[in-house]
Amino acid sequence: MAEKTMRDRMLAGDLYIADDPELAAESARAQGLAHRINTSDPTDGDTIRALFTELLGEYGPGAEIRPPFRCDYGYQTRFGARSFANFGLVVLDVATVVVGEDVQIGPNVQLLTATHPLEPGPRRDKWEAAQPITIGNNVWLGGGVIVCPGVAIGDDTVVGAGSVVTRDLPAGVIAVGSPARVVREL
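This one's a predicted model, so the numbers in the text were calculated from it and none came from an experiment.

### Some thoughts on the overall build of the protein
Okay, so step 1: Counting its secondary structure elements, the protein contains 4 helices and 20 strands.
Okay, so step 2: Over its C-alpha atoms the protein spans a radius of gyration of 17 Å, differing by no more than 12% from the 16 Å that the globule rule assigns to 186 residues.
Okay, so step 3: Projected onto its principal axes, the C-alpha positions of the protein cover 50 × 40 × 25 Å.
Okay, so step 4: In the protein, buried positions account for 42% of the 186 residues.
Okay, so step 5: Considering only intrachain contacts with a sequence separation of at least 6, the fraction spanning at least 24 residues in the protein is 26%.
Okay, so step 6: About 9300 Å² of surface is accessible on the protein, with carbon and sulfur atoms providing 54% of the total.
Okay, so step 7: Positive and negative side-chain charges of the protein, numbering 16 and 24 respectively, have mean locations separated by a distance of 5 Å.

### A word on the packing of helix α2 (residues 21-38) against helix α3 (residues 45-55)
Okay, so step 1: Orientation of α2 relative to α3, taken along the N-to-C sense of each, is 165°, at an axis distance of 9 Å. Between α2 and α3, the angle is such that the two are roughly antiparallel. Judged by the sense of rotation from one axis to the other, the crossing of α2 with α3 is left-handed. Together, Arg-29, Ala-30, Leu-33, Arg-36 and Ile-37 of α2 and Leu-51, Phe-52, Glu-54 and Leu-55 of α3 make up the contact between the two elements.
Okay, so step 2: Residues that form the contact of α2 with α3 fall into these classes: 6 nonpolar, no polar and 3 charged.

### Some points on the nonpolar core
For soluble globular proteins, the rule of thumb is that nonpolar side chains tend to be buried together.
Okay, so step 1: Membership of the largest hydrophobic core comes to 38 residues, with the highest contact counts inside it found for Phe-79, Leu-89, Leu-111, Leu-141 and Ile-153.
Okay, so step 2: Elements with a minimum of two residues in this core: α2, α3, β4 (69-71), β7 (89-92), β8 (97-99), β13 (133-135) and β18 (164-165).
Okay, so step 3: In terms of residues, this core owes the most to one element, α3, which gives 4 residues.
Okay, so step 4: The next biggest cluster of nonpolar side chains, apart from the first, holds 7 residues, and it includes Met-10, Tyr-16, Ala-95 and Ala-130.

### Side note on the pairing of strand β20 (residues 181-185)
Okay, so step 1: Bridge analysis of strand β19 (residues 173-176) against β20 gives 4 bridges, and the strand direction is antiparallel. Across the sheet, the residue bridging to Ala-175 is Val-182, located in β20.
Okay, so step 2: Between β19 and β20, which pair antiparallel in sequence order, lie 4 residues; one of them, Gly-177, sits at a positive phi of approximately 105°.

Scoring rules and cut-offs
- Residues numbered from 1 in each chain as written.
- Predicted model: local features only at pLDDT ≥ 70, side-chain atom pairs only at ≥ 80, totals over all residues.
- Heavy atoms only, no water.
- Helix = DSSP H or I, 4+ residues; strand = E, 2+ residues; numbered from the N terminus.
- Rg over C-alpha atoms; globule rule 2.2 N^0.38 Å.
- Buried < 20%, exposed > 50% of the residue type's maximum accessible area, 1.4 Å probe, protein only.
- Contact = heavy atoms within 4.5 Å.
- Areas by Shrake-Rupley, 256 points an atom, 1.4 Å probe, with all protein chains shown as cover.
- Lys, Arg positive; Asp, Glu negative; His and termini not counted.
- Charge placed at Lys NZ, Arg CZ, Asp CG, Glu CD.
- Axes fitted to C-alpha atoms, helices over the stretch in contact; angles between N-to-C directions.
- Parallel < 35°, antiparallel > 145°, perpendicular 65-115°, else oblique.
- Left-handed = near helix turned anticlockwise from the far one by under 90°.
- Nonpolar A, V, L, I, M, F, W, Y, C, P; charged D, E, K, R; others polar.
- Core = buried A, V, L, I, M, F, W, Y, C linked by side-chain atoms within 4.5 Å.
- Pairing = 2+ DSSP bridges.

Here it is in structure tokens:
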């Protein structure tokens, strides 16, 4: 059996080294499309929609992401129908990022799937991995929220501005703080 490529390892959630020609080409494609999005006329919705549709794995009907926008690969991100992200969304989509339908995302939100070894040697040697993020339907992430690797947020949940979500949140709650904690049910 052939040895896995670094891309195969990345997609499987295994440790990998990002300094790989195939991954570099995919990252360059994403950076080029993001640059085109970020430098487009902000009133030219058709062009911006076409570019996001080309960049992302899914860009649902009625979805809107306001530039500027940054991501690693694009194709690992699914952005659901009628979902909205305000200015400055960062999606480190080394693993899959699924944003459900009717989600509201405030400005400067970060969805971060990338992880690094805790041991100094492998980290120095540039090994990394990733864990997926899943955001349910009708979720609201306030401005500046950070969602960490491996987190799932249930349907209808609200995460307060500036919160850091380090573990799963159930459906139908309000969570705030760093780390985010459930403060009440909806």
